[in-house]
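Below are the chains, spelled out letter by letter.
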Amino acid sequence: MTEVGMVDPDILRARFSQALSDIYRREVPLYGTLLELVGSPGGDPRLRVERHGAIRLGLPDELRGIRRLFAVMGLHPVGYYDLAGAGIPVHSTAFRPIQAAALAASPFRVFTSLLRLELIADPALRDEAAAILSGRRIFTGRLLELVALAEAEGGLPAEHADRFLAEALETFRWHPTAAVEAATYHQLRAAHPLVADVVCFRGPHINHLTPRTRDIDVTHGAMRARGMKPKPTIEGPPRRQVPILLRQTSFLALDEVVRFADGAPGTHTARFGEVEQRGAALTPEGRTLYDRLLALMQAEVASGIPHAEAAAIFAAFPDDLDGLHAAKLAFFRPGTREPILYEDFLPASAAGIFRSNLGAADPVGADAMPVGGGRAAFEVALGAPVLDEMALYASRASEAAG
Ligand code: OOG
Ligand code: NI
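1. Examining the environment of arginine 15
Then, number 1: Within the secondary structure, arginine 15 is located in helix 1 (residues 9–27).
Then, number 2: Residue class for arginine 15 comes out partly exposed when judged on its relative accessible area of 39%.
Then, number 3: Placed 65 residues apart in sequence, arginine 15 and tyrosine 80 show a C-alpha to C-alpha distance of 27 Å.
Then, number 4: Apart from the residues lying within four places of it in its own chain, the contact partners of arginine 15 are Ala161, Asp162 and Leu165.

So this is what it looks like as structure tokens:
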């Protein structure tokens, strides 16, 4: 229940998501093309407004601030994704609504990554990156006041909603002027393109907004027909009768013209496009089977077997509702054969999306980085534990029917 005089977080989130989409559509024209391709007149009304975005943060304090900001819009951190094992120096969570009613009202999520500066090998460069980041402020003063007000009052007083949204959008906008000189940018880029993207700009620009499609194979084909050059493969499980989890594919959208702090012109690839299809949430048993089959498939692809052929491994995953139910592989609404939708992300898919849009090689087996202990550090930075997605699905699967 929203208190009298307070803005409903679901409405605030819906407005924020729509405003981001409008801005992104103006600034990244191929995103508009993608929206036309997935447009489904008369379809599931949720599909028309459903999208996720992604941001990359530099410092623990930034992550904590983002958590407080997103909480005002009913977005909460769910799940922990460690991508260092895949050669990407970040760890991440997904901010998303958690109640069924909130998901239905505005299914908006933000995949949020925190750079792991400790994984930059060169100590001098690491210190320089930390020093550059410590000088930036990603929230306006007014936004911080409004977040504190919402925390104190148990909600955002409705008269502040417009101002809150305008100030929040400021955090996620694209900055055409870099915060560093060209030489620093190129040094950081050489360390890892992701480091340059996070460290060299004044804020965590939204780097993609992803609409949801009913059939990603159809959309993938349509993207190619439009000349969008998506990556050749679709991340996640192969095509099936009963969709499970999440399938995604992406394309490079823009070479941005930037100006460095010394006035030198340059370009930076920051913003890309992505589309996704969602299916059933899997139980821990289902997820274990998925992870095992995916690892086998990736090993075959790494050894040169074509993706389409390697995908045959997934024949071992039951592909009908009765089979999924009987083997307790997927979550269902209480007393039904209706699967609960997967609302989260997949680490191996996310790593593939990162890699392809950073211009890194696509095949799996990228250099693994030292891992371990990341989750506790992430939660300290966040200032809260991340919620367990399996527990959220399990509770929806056991709610009283009706
Ligand atoms: C995030 C990449 C991961 C997804 O949908 O899995 C992602 C990023 O590039 O910042 O967006
Ligand atoms: Ni994404």
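Picking up after the structure, the text goes on.
2. Examining unusual backbone geometry
Then, number 1: Phi at lysine 229 takes a positive value of approximately 50°, unusual for a residue other than glycine.
Then, number 2: Positionally, lysine 229 belongs in the loop between helix 11 (216–225) and strand 6 (246–252).
Then, number 3: Residue leucine 245 is not a glycine yet carries a positive backbone phi of 50°.
Then, number 4: Within the secondary structure, leucine 245 is located in the loop between helix 11 and strand 6.

3. Thoughts on the site of ligand 1
Then, number 1: As a matter of local geometry, ligand 1 sits amid 13 residues, with His52, Arg56, Asn207, His208 and Gln248 nearest to it.
Then, number 2: One of the side-chain nitrogen or oxygen atoms of asparagine 207 is found 2.9 Å away from an oxygen atom of ligand 1.
Then, number 3: Side-chain polar atom of glutamine 248 to an oxygen atom of ligand 1: 2.7 Å apart, as the coordinates give it.
Then, number 4: Isolated, ligand 1 exposes 320 Å² of accessible area, and the fraction of that covered by the protein chains is 100%.
Then, number 5: Per-class residue counts for the shell around ligand 1 are seven nonpolar, four polar and two charged.

4. Points about the packing of helix 1 against helix 8 (residues 161–172)
Then, number 1: Between helix 1 and helix 8, the least distance of the axes is 10 Å, while the angle of their chain directions is 45°. On the basis of their axis angle, the class for helix 1 and helix 8 is oblique. Of the two elements, helix 1 crosses helix 8, and the hand of that crossing is right-handed. When helix 1 is examined against helix 8, the residues Leu12, Arg15, Phe16, Ala19, Leu20 and Ile23 are found in contact with a partner set consisting of Ala161, Asp162, Phe164, Leu165, Ala168, Leu169 and Phe172.
Then, number 2: Taken together, the residues of the contact of helix 1 with helix 8 sort by class into eleven nonpolar, no polar and two charged.

5. Some words on the sheet that holds strand 4 (residues 108–115)
Then, number 1: Strand order in the open sheet made by the five strands is 2-3-4-1-5, with mixed pairing throughout. Strand pairing shows two members of the sheet lacking a second neighbour, strand 2 (76–82) and strand 5 (208–211), which therefore form its edges. Averaged over all pairs of adjacent strands, the angle between their axes in this sheet comes to 20°, without regard to strand direction.
Then, number 2: Sheet strands touched by helix 4 (residues 60–72): strand 1 (51–57), strand 2, strand 3 (90–96) and strand 4. Its angle to strand 4, the strand with the most contacts, is close to 165°.
Then, number 3: Strands strand 2, strand 3 and strand 4 of the sheet are contacted by helix 16 (residues 374–382), whose axis makes an angle of about 55° with strand 3.

6. Some thoughts on the confidence of the model for the protein chain
Then, number 1: Taken as a whole, the protein chain shows an average pLDDT of 92; of its residues, 95% reach a score of 70 or greater.
Then, number 2: Confidence drops under pLDDT 50 across residues 361–366; counting only partners more than four residues distant or on other chains, this segment forms twelve contacts.

7. Side note on helix 8
Then, number 1: Relative to the 16 Å expected for twelve residues at 1.5 Å per residue, helix 8 spans 17 Å between its end C-alpha atoms, a close match to the ideal helical length.
Then, number 2: Among the residues of helix 8, those classed as buried are Ala161, Phe164, Leu165, Glu167, Ala168, Leu169, Thr171 and Phe172.
Then, number 3: Elements in contact with the buried residues of helix 8: helix 1, strand 1, helix 4 and helix 7 (141–153).

8. Let's talk about the pairing of strand 9 (residues 272–278)
Then, number 1: A large share of strand 9 lies buried, amounting to seven of its seven residues.
Then, number 2: Note that strand 6 and strand 9 share seven bridges and pair antiparallel. In the strand pairing of strand 9, threonine 249 is matched with valine 275.

9. A word on the nonpolar core
Then, number 1: In this structure, Leu83, Phe111, Leu115, Leu188, Tyr290, Phe317 and Phe354 are the most contacted members of the largest nonpolar core, which totals 62 residues.
Then, number 2: Going through the elements one at a time, strand 3, strand 4, helix 6 (123–134), helix 9 (182–191), helix 10 (193–199), helix 12 (284–302), helix 15 (347–357) and helix 17 (389–398) are the ones with two or more residues in this core.
Then, number 3: When near neighbours in sequence (up to four residues on either side) are disregarded, phenylalanine 317 contacts Arg240, Ile244, Leu282, Gly286, Leu289, Tyr290, Leu293, Leu324 and Leu329.
Then, number 4: Within the second largest apolar cluster, 49 residues are counted, among which are Ile55, Phe95, Leu382 and Val386.

10. Points about the side chain of arginine 240
Then, number 1: Note that arginine 240 resides in the loop between helix 11 and strand 6.
Then, number 2: Separated by 2.9 Å, the side chain of arginine 240 and the backbone oxygen of proline 318 make a polar contact.
Then, number 3: Separated by 3.2 Å, the side chains of arginine 240 and aspartate 319 make a polar contact.
Then, number 4: Leave out the neighbours within four places in its chain, and arginine 240 touches Phe317, Pro318, Asp319 and Leu324.

11. Some remarks on the coordination of the nickel ion (ligand 2)
Octahedral metal centres with six donors ideally show angles of 90 or 180 degrees, and tetrahedral centres with four donors ideally show 109.5 degrees.
Then, number 1: Here the nickel ion (ligand 2) is held by the protein donor atoms His52 (NE2), His208 (NE2) and Glu274 (OE), which lie 2.1 Å from it.
Then, number 2: Looking at histidine 52, the relative accessible area reads 1%, which means it is buried.
Then, number 3: For histidine 208, a relative accessible area of 6% puts it in the buried group.

12. Examining the pattern of salt bridges
Should their charged atoms come close, side chains of opposite charge can pair.
Then, number 1: If you walk through the whole model with that rule in mind, you get 29 salt bridges.
Then, number 2: Note that arginine 109 is salt-bridged to glutamate 343, the shortest N-O span being 2.6 Å. Of the two residues, arginine 109 sits in strand 4 while glutamate 343 sits in the loop between helix 14 (321–326) and helix 15, which places them 234 residues apart along the sequence.
Then, number 3: When its relative accessible area of 1% is taken as the criterion, glutamate 343 is described as buried.
Then, number 4: Between arginine 337 and aspartate 322 there is a salt bridge, with the nearest N and O atoms lying 2.9 Å from each other. Within this pair, whereas arginine 337 is found in the loop between helix 14 and helix 15, its partner aspartate 322 is found in helix 14, the two being separated by 15 residues in sequence.
Then, number 5: Given the relative accessible area of 48%, aspartate 322 is considered partly exposed.
Then, number 6: Here the residues in one salt-bridge network are Arg46, Glu50, Arg109, Arg212 and Glu343, joined through shared partners.

What counts and how
Residues numbered from 1 in each chain as written. Chains lettered and ligands numbered in written order. Predicted model: local features only at pLDDT ≥ 70, side-chain atom pairs only at ≥ 80, totals over all residues. Heavy atoms only, no water. Helix = DSSP H or I, 4+ residues; strand = E, 2+ residues; numbered from the N terminus. Buried < 20%, exposed > 50% of the residue type's maximum accessible area, 1.4 Å probe, protein only. Contact = heavy atoms within 4.5 Å. Near = heavy atom within 4 Å. Polar contact = N/O pair within 3.5 Å; in protein donor to acceptor, adjacent residues only side chain to side chain. Areas by Shrake-Rupley, 256 points an atom, 1.4 Å probe, with all protein chains shown as cover. Nonpolar A, V, L, I, M, F, W, Y, C, P; charged D, E, K, R; others polar. Axes fitted to C-alpha atoms, helices over the stretch in contact; angles between N-to-C directions. Parallel < 35°, antiparallel > 145°, perpendicular 65-115°, else oblique. Left-handed = near helix turned anticlockwise from the far one by under 90°. Pairing = 2+ DSSP bridges. pLDDT = per-residue confidence, 0-100. Expected span 1.5 Å × (residues − 1). Core = buried A, V, L, I, M, F, W, Y, C linked by side-chain atoms within 4.5 Å. Donors = N, O, S within 2.8 Å, 3.2 Å for Na, K, Ca; no water. Salt bridge = Lys/Arg side-chain N within 4 Å of Asp/Glu carboxyl O.

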